[in-house]
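# Observations on the model geometry
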Amino acid sequence: MGGLGKTTLAQLVYNDPMLEFDLKAWVSVGEDFDVSRVTKTFLLQLGDGGDDKDLNVLQVKLKQKLSGNKFLVVLDDVWTQNYEEWTLFWGPFEAGAPQSRVIVTTRSQDVSLMMGTTQAYALKKLSHNECMSVFAQHALGANNFDAHLELKQMGEEIVKRCGGLPLAAKSLGGILKGKPNPDLWKEVLSSEMWELPDNRSNILPALKLSYLHLPPHLKRCFSYCAILPKDREFDRNELVLLWMAEGFLYDQKKMKDSEGLGHKYFDDLLSRSFFQQSNDNKSKYIMHDLIVDLACFVSREICLHMVGKLENAKSFAKIRHSSFIPHFMNTFQRFQSFCEMKNLRTFLSSKDCLNQWINSSTYRH
């Protein structure tokens, strides 16, 4: 299940100063297991530009980097069950020292069986007390309710609805951070959003509540993020510039667009756990895939990130912001539905990073 803390646990191991390795690298893989892209990312992590387009050249370079070195590698959020792709990708890593280690996080038991040489560690939900501690840390800046006994009973009830999922506890704690107002806590607890049927436990209602408690300007900026692809890092400054280009950052007092205002909005969303800092590149950020799902849900009529061929073109008449990942099947049929998007304002082409969108493919009218 998403939101259990698989990535967080891997981060604790990866950042442990007691573990000594010659080389370390972390790659967020996601649903699109592109061997060339992931290999390039590893080379970048290890200090090589990885500009070559030929996969064989990339793998030779990676093998040379790893040869004889004791390395720690994390492959985060892996979905592929294509054994042929996996063995092709894995070849260069066999050149490392015997003490090397690879950590894979995945939601699929089949993936872990295909990739793993040791038994997978299956994370369990948090106990009630553990979940209370996570919630209190984000809501009150403490591990318990000793200094806010008047809120403890409502906190207990909110945490019960988190279903032991740390991401839900963290997100709801972010709503109430710095706000020890019993009326606000009661509002969160009594929200009708909890009653919505959902097949992924209580996590999506909790995340939807986090969104509903955002002020309008942050809702607008967050929903726009639905055009970001899952499991891809993005740059804070570049996202702020996109918000500015769309007119989301107009400062009424100064009567002009404000980049500084955008950075404040970004920090607000970061503090509420909608964004998180990338583990492998501290200057980059990433969104949990369930947070991306939430953005897609709340902006489904106006934002679209296209992966495959679009279907049901009539439903896209209101789309204002769209992005797509270039694909070897970039046929006319793949883009036919864009003809129906009469209100389109943003068209972004994404292959490897947001920077490419900024430099080559952002259009407004």
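Residues numbered from 1 in each chain as written. Predicted model: local features only at pLDDT ≥ 70, side-chain atom pairs only at ≥ 80, totals over all residues. Heavy atoms only, no water.

### A short note on the pairing of strand β2 (residues 71-78)
Among the 8 residues in β2, 8 count as buried, and that is most of the element. The pairing of strand β1 (residues 23-30) with β2 spans 7 bridges and is classified as parallel. Opposite Ser 28, over in β2, you have Asp 76 as the bridge partner. Across 4 bridges, the pairing between β2 and strand β3 (residues 101-104) is parallel. (Buried < 20%, exposed > 50% of the residue type's maximum accessible area, 1.4 Å probe, protein only. Helix = DSSP H or I, 4+ residues; strand = E, 2+ residues; numbered from the N terminus. Pairing = 2+ DSSP bridges.)

### Notes on the environment of Val 74
In this fold, Val 74 is placed in strand β2. The spatial distance from the C-alpha of Val 74 to the C-alpha of Val 104 is 5.9 Å, given a sequence separation of 30 residues.

### Thoughts on helix α6 (residues 128-140)
Here α6 spans 17 Å end to end across 13 residues, near enough to the 18 Å set by a 1.5 Å rise per residue. Cys 131, Met 132, Phe 135, Ala 136, Ala 139 and Leu 140 are the residues of α6 that are buried. Projected down its long axis, α6 shows its buried positions confined to an angular sector of 135°, all on one face. On its buried side, α6 packs onto α7 (149-161), α8 (166-176) and α9 (182-189). With its phi angle positive at about 70°, Gly 141 sits one or two positions after the end of α6. (Expected span 1.5 Å × (residues − 1). Arc of directions from axis to C-beta. Contact = heavy atoms within 4.5 Å.)

### Re the packing of α6 against α8
At a minimum axis separation of 7 Å, α6 and α8 run at an interaxial angle of 30°. Here α8 runs roughly parallel to α6, going by the angle between their axes. The two elements α6 and α8 cross, and the hand of that crossing is right-handed. Residues Cys 131, Val 134, Phe 135, His 138 and Ala 139 of α6 lie in contact with α8, whose contacting residues are Pro 166, Ala 169, Lys 170, Leu 172, Gly 173, Gly 174 and Leu 176. Considering only residue class, the contact of α6 with α8 consists of 8 nonpolar, 3 polar and 1 charged. (Axes fitted to C-alpha atoms, helices over the stretch in contact; angles between N-to-C directions. Parallel < 35°, antiparallel > 145°, perpendicular 65-115°, else oblique. Left-handed = near helix turned anticlockwise from the far one by under 90°. Nonpolar A, V, L, I, M, F, W, Y, C, P; charged D, E, K, R; others polar.)

### A closer look at the confidence of the model for the chain
Any region with low pLDDT has predicted coordinates that should not be read closely. The share of residues in the chain with pLDDT of 70 or more is 77%, and the mean pLDDT across the chain is 80. Least confident of the elements in the chain is helix α15 (residues 354-360), whose mean pLDDT is 42; most confident is α6, at 93. In the model, residues 352-365 has pLDDT below 50 throughout and makes 35 contacts with residues more than four positions away in sequence or in other chains. (pLDDT = per-residue confidence, 0-100.)

### A word on unusual backbone geometry
In terms of backbone geometry, most residues other than glycine have negative phi values and most peptide bonds are trans. Of note in this structure, Asp 77 is not a glycine but carries a positive phi near 60°. Among the secondary structure elements, Asp 77 is positioned in strand β2. For Asp 77, a relative accessible area of 10% puts it in the buried group.

### Things to note about the packing of α7 against α9
For the pair α7 and α9, the least separation of the axes is 10 Å and the interaxial angle reads 25°. Classified by the interaxial angle, the pair formed by α7 and α9 is roughly parallel. In this structure, α7 crosses over α9, and the sense of that crossing is left-handed. Side by side, α7 and α9 meet where Leu 151, Met 154, Gly 155, Glu 157, Ile 158 and Arg 161 of the first sit next to Pro 182, Trp 185, Lys 186, Val 188 and Leu 189 of the second. Along the lines of polarity and charge, the residues of the contact of α7 with α9 split into 7 nonpolar, 1 polar and 3 charged.

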